[in-house]
Amino acid sequence: MIKVMSCFRGDLNFCPECGNILPVPGLQDAITCPRCSFNIPVREFLGQVIKSSVTFNPLDQSSSTVESEEDAELKGPVIDRKCSRCNKEGMVYHTRQMRSADEGQTVFFTCIHCRYQEKEDS
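Bear in mind that the values here come from a model prediction, so they are computed numbers and not experimental data. (Residues numbered from 1 in each chain as written. Predicted model: local features only at pLDDT ≥ 70, side-chain atom pairs only at ≥ 80, totals over all residues. Heavy atoms only, no water.)

Peer 1: Run through the environment of Glu103, naming residues and quoting values.
Peer 2: For Glu103, the location among the structural elements is in the loop between strand 4 (89–96) and strand 5 (106–111). Through-space distance from the C-alpha of Glu103 to that of Ser122 is 8.2 Å; in sequence the pair is 19 residues apart. (Helix = DSSP H or I, 4+ residues; strand = E, 2+ residues; numbered from the N terminus.)

Peer 1: Tell me what's going on with the pairing of strand 6 (residues 117–121), and back it up with residues and numbers.
Peer 2: Here strand 5 runs beside strand 6; their pairing, made up of five bridges, is antiparallel. Its bridge partner lying in strand 6, Val107 is registered against Glu120. (Pairing = 2+ DSSP bridges.)

Peer 1: Mind laying out the pairing of strand 5, listing which residues take part and the relevant values?
Peer 2: The element strand 5 is extensively covered by neighbouring structure, given that five of its six residues are classed as buried. Where strand 4 lies against strand 5, six bridges are found, and the strand directions are antiparallel. Pairing of Thr95 across the sheet is with Val107, part of strand 5. Connecting strand 5 to the antiparallel partner strand 6 that follows it, the hairpin turn spans five residues, and Arg115 within it adopts a positive phi of roughly 60°. (Buried < 20%, exposed > 50% of the residue type's maximum accessible area, 1.4 Å probe, protein only.)

Peer 1: Report on the packing of aromatic side chains, specifying residues and quantitative values.
Peer 2: Using the criterion set out here, one finds one aromatic pair in the structure. Summarising the aromatic geometry, the rings of Tyr93 and Phe109 are spaced 6.3 Å apart at their centres and angled 45° between planes, so their arrangement reads as tilted. One end of the pair, Tyr93, is in strand 4; the other, Phe109, is in strand 5, with 16 residues separating them in the sequence. Since its relative accessible area comes to 29%, Tyr93 is described here as partly exposed. Over the aromatic face of Phe109 sits the side chain of Arg81, whose NZ or CZ is 3.8 Å from the ring centroid. (Phe/Tyr/Trp six-rings, centres within 6.5 Å; stacked < 30°, edge-to-face > 60°. Lys NZ or Arg CZ within 6 Å of the ring centre and 35° of its normal.)

Peer 1: Requested: an account of the nonpolar core, with residues and values cited.
Peer 2: Core analysis: the biggest nonpolar cluster contains eight residues, these being Leu12, Cys15, Leu22, Ile31, Cys33, Phe38, Ile40 and Phe45. Excluding its chain neighbours within four sequence positions, the residues that come into contact with Ile40 are Pro16, Leu22, Ala30, Ile31 and Phe45. Counting residues in each nonpolar core, the second largest holds five residues, with Cys83, Val107, Phe109 and Cys111 among its members. (Core = buried A, V, L, I, M, F, W, Y, C linked by side-chain atoms within 4.5 Å. Contact = heavy atoms within 4.5 Å.)

Peer 1: Residue-level account of unusual backbone geometry, with values.
Peer 2: The phi dihedral of Asn87 falls on the positive side, at around 60°, and the residue is not glycine. In this fold, Asn87 is placed in the loop between strand 3 (78–82) and strand 4. The phi angle at Arg115 is positive, at roughly 60°, despite the residue not being glycine. Summarising the element assignment, Arg115 is placed in the loop between strand 5 and strand 6.

Peer 1: Requested: an account of the sheet that holds strand 3, with residues and values cited.
Peer 2: Spatially, the four strands line up as an open sheet ordered 3-4-5-6, and their pairing is antiparallel. Edge positions in the sheet fall to strand 3 and strand 6, since each of these pairs with one other strand and no more. Adjacent strand axes in the sheet meet at a mean angle of 40° when their direction is disregarded. (Axes fitted to C-alpha atoms, helices over the stretch in contact; angles between N-to-C directions.)

Peer 1: Report on the side chain of Asn39, specifying residues and quantitative values.
Peer 2: Within the secondary structure, Asn39 sits in strand 2 (residues 39–41). Note on Asn39: relative accessible area 15%, which makes it buried. At 2.5 Å, the side chain of Asn39 and the side chain of Thr32 are in polar contact. (Polar contact = N/O pair within 3.5 Å; in protein donor to acceptor, adjacent residues only side chain to side chain.)

Next up, the structure:
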């Protein structure tokens, strides 16, 4: 069943019945919502201007996020765990799925003082 009237009004980019994004008007006399089949006459779009813009991040800003591999291993939450090499408290950890999905994750610990790494299978 094709609907021709809606009791809602909103942005012409969206279907007034279901809120789905409408396709761009073409050669047809009406635009049909791909989700609910609601029809909007193309004359509703007369006088509307479609604008789009693309904004790129500055090149120098994106290059500052690249860090050395040494600094990357010290990112993450710090926990109260004693390093087995230097016996100081404070290790950073991260997890990774190393085995099949039905097995636990592997937890990697890095000492914030001497950068010694340990791993623990859970």
